[in-house]
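# Topology and contacts: notes
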Amino acid sequence: METDSHCPLDGSRAIRSILAALLACLGGAALSCNTHPVSYQPASGTVDRIEDTTVGGGAAVDILWVIDNSGSMCQEQAELRANFRNFIDQLGGEAVDFNIAVTTTQYETQSDRRFDPVARPGHIQSTPSPVTGALDACKYAPDSQGRPLGPEYRENVDNPDDNVNPPNYKPISNQIRQAVNCTQNPDQFENLLEPSEDELACAIDDNQAACNAIDKDSSKFNKGDLFPPQEAYRDIDKVLRASDPKYSTDDGLDKEKLAEDFACMSFVGTRGRSIEQGLRSAARTVSPELTGGPAELSLEGTTDEEQGNYDPNDDGESEYNPDAPNHEFIRRNASFALIFVTDENDCSLQQNLAEIPDDREKRGCTDRECYFFAEQDDPSPLATVDELYNRFMTNLAQSKGLSYSPDQSNPDDPDTLDPQNVLAASIHGTAAPQTVKQPNPLTSDSEQCTNKGDDYVLPTCTSKELGVARTGGRYEDFIRNFARSFPQPNPNAPDDPLRGEICQGSLSSAIEGIGSFIETGDRSCIPNRIFPCESNDECPPFEFGSSSEDT
């Protein structure tokens with residue numbers, strides 16, 4: 001990219017003139033920034049400079065996707081994979097210096113409750129976990145009304161003995177194909193790409209006749225046999241970086257390769273706990289405990305003393321740990337974007353679920369605890385949204401080597417986290433009061449909840465493409481705390497519920513909109529404050545470039 005600057009200079013006011021020109025340039029920089037180091041030119045008259053700048057040197061942003069990995073999320077995850085390329089296009093591609101990472105809503109620490117073999121609370125991850133859960137919509141294609149075309153499907157509901165159709169296994173077949181594409185050697189698993197109807201019926205439906213047809217010894221396929229083993233997946237960096245040479249081509253950013261890797265790292269599966277704790281997971285992901293402190297302390301030339309002095313908790317011990325699982329994801333001078341994708345409400349607890357008295361049979365409907373925690377319990381075991389927001393912001397600041405206070409008086413302090421540089425977006429169901437069907441499962445008749453097909457918490461919306469979604473009220477309350485959030489409130493009715501993006505039947509517009517929102521949300525080229533000054537002595541020394549002579 002070629003840039004042209006024409007700046008009139010006048011004696012002792014040279015610095016003020018350069019800074020004024022910079023401010024003018026920043027104000028008009030809609031899509032990109034000149035990354036050439038700014039330097040003082042002690043001259044009068046006119047200075048013309050034309051420099052070639054490198055693509056990928058635009059505004060820096062660290063992006064965290066928090067993806068629901070519970071049993072109902074297969075359609076939404078497939079939509080996310082399919083539309084990620086458009087997200088990068090809207091983000092600005094080469095014009096943005098991004099770091100991208102993924103974590104899940106899984107927040108269980110007890111091994112006996114961790115159904116998912118990959119997800120760990122707040123850890124960023126890149127290994128696929130594709131084995132499909134029990135939801136019919138994840139296994140069978142829907143009919144025109146959204147009903148899964150499974151083994152019990154009958155088109156003519158008035159005459160249930162008529163029109164019995166064979167199952168349509170297209171969704172799980174697509175899951176298998178995506179999983180094979182993420183392996184180190186896809187050719188090794190070519191046999192998985194075209195499973196027979198009998199193999200699918202045996203593994204998915206426990207159809208004994210189908211099992212007998214493929215195995216004369218009557219040994220059934222295990223559902224996991226339809227997918228490559230965990231160790232077969234290729235290594236993908238936990239952080240996708242615009243600066244990574246493997247994503248560079250002669251034409252710029254290799255968006256296809258980037259989308260291919262994101263498709264695998266975001267394939268977080270549907271075996272996570274149904275108690276989705278997305279807000280709690282986000283706060284833990286950016287905590288010094290998991291980030292190990294500012295990545296800048298890893299730079300060559302940083303002394304052991306400087307690393308040892310990193311003590312945001314003020315407990316006399318350094319929290320700097322370059323071996324922490326999420327280290328080098330968060331950068332000090334980068335903006336931060338947080339994105340949730342979920343079809344149910346947040347259920348972030350103050351303590352682990354195993355520590356809460358196990359009276360779920362009295363509550364009823366097992367995976368609906370969050371409803372009862374939010375609506376019926378007093379006091380509620382849920383952490384408040386405000387508490388989770390402040391925890392997230394404090395952890396993020398500490399992982400950047402900055403400070404944060406909800407009532408900070410000087411947001412321009414370069415050592416304090418500026419809330420304007422933190423963006424939040426959420427794809428969830430439209431916020432609405434949670435209600436239950438009758439009969440009320442709070443009654444003592446536990447038999448009311450023995451039928452797994454009963455959903456007592458009413459959905460916010462249902463679509464053929466994405467299935468059922470319930471209120472995302474706590475996610476909405478959370479993102480409303482941010483100075484910049486997506487979706488944005490209606491300016492004419494700011495208190496109305498935000499647009500529930502997952503209720504649109506497709507995630508395409510939401511994913512593109514978030515990419516555009518992040519790209520336009522951070523236009524700054526110079527992270528430092530600009531000071532007016534009359535002479536060299538009045539200007540504080542700080543670097544715009546990478547060496548001291550560029551100050």
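Residues numbered from 1 in each chain as written. Predicted model: local features only at pLDDT ≥ 70, side-chain atom pairs only at ≥ 80, totals over all residues. Heavy atoms only, no water.

### Here's the deal with the pattern of salt bridges
Scanning the model with the defined rule gives 19 salt bridges in all. With its nearest N and O atoms 3.4 Å apart, the salt bridge here joins D89 to R85. Residue D89 and its partner R85 are located together in helix α2 (residues 74-91), separated by 4 residues, close to a single helical turn. Judged by its relative accessible area of 33%, D89 falls in the partly exposed class. Among the salt bridges present, the one from E289 reaches R284, with a minimum N-O distance of 3.1 Å. Taken together, the shared-partner salt bridges connect R85, D89, K255 and E256 into one network. (Salt bridge = Lys/Arg side-chain N within 4 Å of Asp/Glu carboxyl O. Helix = DSSP H or I, 4+ residues; strand = E, 2+ residues; numbered from the N terminus. Buried < 20%, exposed > 50% of the residue type's maximum accessible area, 1.4 Å probe, protein only.)

### Points about helix α12 (residues 385-400)
The end-to-end C-alpha distance of α12 is 23 Å, a good match for the 22 Å that 16 residues give at a rise of 1.5 Å each. Every buried residue belonging to α12 is among V385, L388, Y389, F392, M393, N395, L396, A397, Q398, S399 and K400, and all of these are buried. Where α12 is buried, its residues touch α7 (278-285), α8 (288-291), β8 (335-341), β9 (422-427) and α13 (473-479). The first or second residue beyond α12 is G401, which carries a positive phi of 80°. (Expected span 1.5 Å × (residues − 1). Contact = heavy atoms within 4.5 Å.)

### Topic: the environment of G473
Here G473 lies in helix α13. For G473, a relative accessible area of 15% translates into the label buried. Taking the C-alpha atoms as reference, G473 lies 9.8 Å from G500; in sequence the two are 27 residues apart. Contacts of G473, omitting those with residues within four sequence positions, involve N345 and A431.

### Side note on the state of the cysteines
In total, this model carries 4 disulfides according to the counting rule given. C202 shares a disulfide with C211; S-S distance 2.0 Å. In this structure the cystine formed by C202 and C211 twists about its S-S bond by roughly 100°; its chirality is therefore right-handed. Each of the two residues, C202 as well as C211, counts as buried. Between the sulfur atoms of C461 and its disulfide mate C503 the distance is 2.1 Å. Handedness here is read from the sign of the S-S torsion; for C461 and C503, about -80°, the answer is left-handed. In this pair, C461 sits in strand β10 (residues 461-463) while C503 sits in the loop between β12 (484-486) and α14 (508-521), placing the two residues 42 residues apart along the sequence. Residue C461 is classed as buried on the basis of its relative accessible area, which comes to 15%. (Disulfide = S-S within 2.5 Å.)

### Quick look at the nonpolar core
Core analysis: the largest hydrophobic core is formed by 64 residues, its most contacted members being I63, W65, F87, F98, I100 and I518. Contacts of W65, omitting those with residues within four sequence positions, involve L80, F84, F87, I100, A101, V102, T103, F262, I339 and V341. In this structure, I124, V239, I330 and L338 belong to the second largest nonpolar core, which totals 32 residues. (Core = buried A, V, L, I, M, F, W, Y, C linked by side-chain atoms within 4.5 Å.)

### Concerning the packing of α2 against helix α6 (residues 255-265)
The interhelical angle for the contact between α2 and α6, taken along N-to-C directions, is 140°, at an axis separation of 9 Å. As judged from the angle between their axes, α2 and α6 are oblique. The way α2 lies across α6 gives a crossing that is right-handed. Facing L80, R81, F84, R85, I88 and D89 of α2, the residues of α6 in contact are K255, E256, L258, A259, F262 and A263. For the contact of α2 with α6, the class distribution of residues is 7 nonpolar, no polar and 5 charged. (Axes fitted to C-alpha atoms, helices over the stretch in contact; angles between N-to-C directions. Parallel < 35°, antiparallel > 145°, perpendicular 65-115°, else oblique. Left-handed = near helix turned anticlockwise from the far one by under 90°. Nonpolar A, V, L, I, M, F, W, Y, C, P; charged D, E, K, R; others polar.)

### Side note on the sheet that holds strand β4 (residues 97-104)
Pairing in this open sheet of 6 strands is mixed, and the strands run β5-β4-β3-β8-β9-β12 from one edge to the other. Edge strands, defined here as strands with exactly one partner in the open sheet, are β5 (240-241) and β12. One ladder, built from 2 bridges, connects β4 with β5; its direction is antiparallel. By the bridge assignment, I100 is partnered in β5 with L240. Contacts from α2 reach β3 (60-67), β4 and β8 within the one sheet, and its direction differs from that of β3 by about 170°. (Pairing = 2+ DSSP bridges.)

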